[in-house]
Amino acid sequence: MAKTDTVTLSTGGVGLDTRDFAKFAKALRKADKGLYKQLQIRLRAAGDIVAAAARSNVAPYSSKAEASIRTRVSSATVAVVAGVGGVPMAALLELGNKARGASSGQFQHPIWGRWVTGAGFQAMHPYLLTALQSHAEEAWAGAIEALDWAIMIACTDEEL
């Protein structure tokens, strides 16, 4: 599948950079798989805060886009993505398209927009970025808490 199957946004500075924790997470995975799994669960919970808000934001406009929202965790990185399973409407509702003649805040629908020349425009309803912006502090706190917890447990186990 192509990368266009999921919505990827530049958050404009909203978010938490966990790249510095990647080496820690990699070492933790090798040293204690159970603790690493618990870290992943806690990080997923932080991402689920934003995912739940995104689902709520898009639910009135597309049940398929709502169902395609997932939280992904890899190492110490959390991502909330939409369009999983090949749902192009998820990206269109968030980002729109470059349809000729489309006014701001609208996109040309990929199916019925082809049937009528100059018509077939649908309003955009951004949901991922707004969910992140409104719940960034909660998600950030959850991710920091998860990483602090894992570091504290790993250091305590190491001292024993």
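Residues numbered from 1 in each chain as written. Predicted model: local features only at pLDDT ≥ 70, side-chain atom pairs only at ≥ 80, totals over all residues. Heavy atoms only, no water.

## Points about unusual backbone geometry
Glycine aside, residues mostly have negative phi angles, and peptide bonds mostly take the trans form.
For step 1, the next point in the chain: In the Ramachandran plot, S75 falls in the positive-phi region, its phi being about 60 degrees despite a non-glycine side chain.
For step 2, the next point in the chain: For S75, a relative accessible area of 17% puts it in the buried group. (Buried < 20%, exposed > 50% of the residue type's maximum accessible area, 1.4 Å probe, protein only.)

## Brief notes about the packing of aromatic side chains
For step 1, the next point in the chain: Applying the stated criterion to the full structure yields 0 aromatic pairs.
For step 2, the next point in the chain: In this structure, R29 packs its charged tip against the face of Y36, placed 5.6 Å from the ring centre. (Phe/Tyr/Trp six-rings, centres within 6.5 Å; stacked < 30°, edge-to-face > 60°. Lys NZ or Arg CZ within 6 Å of the ring centre and 35° of its normal.)

## Topic: the pairing of strand β1 (residues 70–74)
For step 1, the next point in the chain: Of the two faces of β1, the one lined by T71 and V73 is fully buried and the one lined by R70, R72 and S74 carries no buried residue.
For step 2, the next point in the chain: As paired strands, β1 and strand β2 (residues 77–81) are joined by 5 bridges and run antiparallel to one another. Opposite V73, over in β2, you have V78 as the bridge partner.
For step 3, the next point in the chain: The hairpin formed by β1 and β2 contains 2 residues between the paired strands, and S75 there has a positive phi angle of roughly 60 degrees. (Helix = DSSP H or I, 4+ residues; strand = E, 2+ residues; numbered from the N terminus. Pairing = 2+ DSSP bridges.)

## Digging into the nonpolar core
For step 1, the next point in the chain: Counting residues in each nonpolar core, the largest one holds 19 residues, and the members touching the most others are A54, V58, I69, A82, A90, L93 and Y127.
For step 2, the next point in the chain: At the level of secondary structure, the elements contributing two or more residues to this core comprise α2 (33–58), α4 (88–95) and α5 (128–159).
For step 3, the next point in the chain: The biggest single contributor to this core is α2, with 5 residues.
For step 4, the next point in the chain: Among residues more than four places away in sequence, those in contact with A54 are I69, Y127, L128 and A131. (Core = buried A, V, L, I, M, F, W, Y, C linked by side-chain atoms within 4.5 Å. Contact = heavy atoms within 4.5 Å.)

## Points about the packing of helix α1 (residues 22–31) against α2
For step 1, the next point in the chain: At a minimum axis distance of 6 Å, the contact between α1 and α2 shows a crossing angle of 135 degrees. With respect to α2, the axis of α1 lies oblique. Packed against α1, whose contacting residues are A25, L28, R29 and A31, the element α2 presents K33, L35, Y36 and L39 at the interface.
For step 2, the next point in the chain: Its residues placed into classes, the contact of α1 with α2 shows 6 nonpolar, no polar and 2 charged. (Axes fitted to C-alpha atoms, helices over the stretch in contact; angles between N-to-C directions. Parallel < 35°, antiparallel > 145°, perpendicular 65-115°, else oblique. Nonpolar A, V, L, I, M, F, W, Y, C, P; charged D, E, K, R; others polar.)

## Regarding the environment of G85
For step 1, the next point in the chain: Here G85 is to be found in the loop between β2 and α4.
For step 2, the next point in the chain: The exposure class of G85 is exposed, given its relative accessible area of 60%.

## A few points about a positive patch on the surface
For step 1, the next point in the chain: Taken together, the side chains of K26, R29, K30 and K33 define a basic patch exposed on the protein surface.
For step 2, the next point in the chain: Using a relative accessible area of 61% as the deciding quantity, one classes K33 as exposed. (Patch = residues over 30% accessible without salt bridge, like charges linked within 9 Å, V, L, I, M, F, W, Y side chains within 5 Å. Areas by Shrake-Rupley, 256 points an atom, 1.4 Å probe, with all protein chains shown as cover. Salt bridge = Lys/Arg side-chain N within 4 Å of Asp/Glu carboxyl O. Lys, Arg positive; Asp, Glu negative; His and termini not counted. Charge placed at Lys NZ, Arg CZ, Asp CG, Glu CD.)

## Structural notes on α2
Every α-helical turn comprises 3.6 residues, leaving residues that sit three or four positions apart pointing alike.
For step 1, the next point in the chain: Helix length check: α2 (26 residues) gives 36 Å between terminal C-alpha atoms against 38 Å at 1.5 Å per residue, within 8%.
For step 2, the next point in the chain: The sharpest bend along α2 comes to roughly 30 degrees, located at G47.
For step 3, the next point in the chain: By the burial criterion, the buried members of α2 are L35, Y36, L39, Q40, L43, A46, G47, V50, A51, A53, A54 and V58.
For step 4, the next point in the chain: Two or three places before G34, at the opening of α2, D32 has a side-chain oxygen 3.2 Å from that residue's backbone nitrogen. (Expected span 1.5 Å × (residues − 1). Bend = angle between axes of the 7 residues up to and from the residue. Polar contact = N/O pair within 3.5 Å; in protein donor to acceptor, adjacent residues only side chain to side chain.)

None of this, on its own, says anything about what the molecule does.
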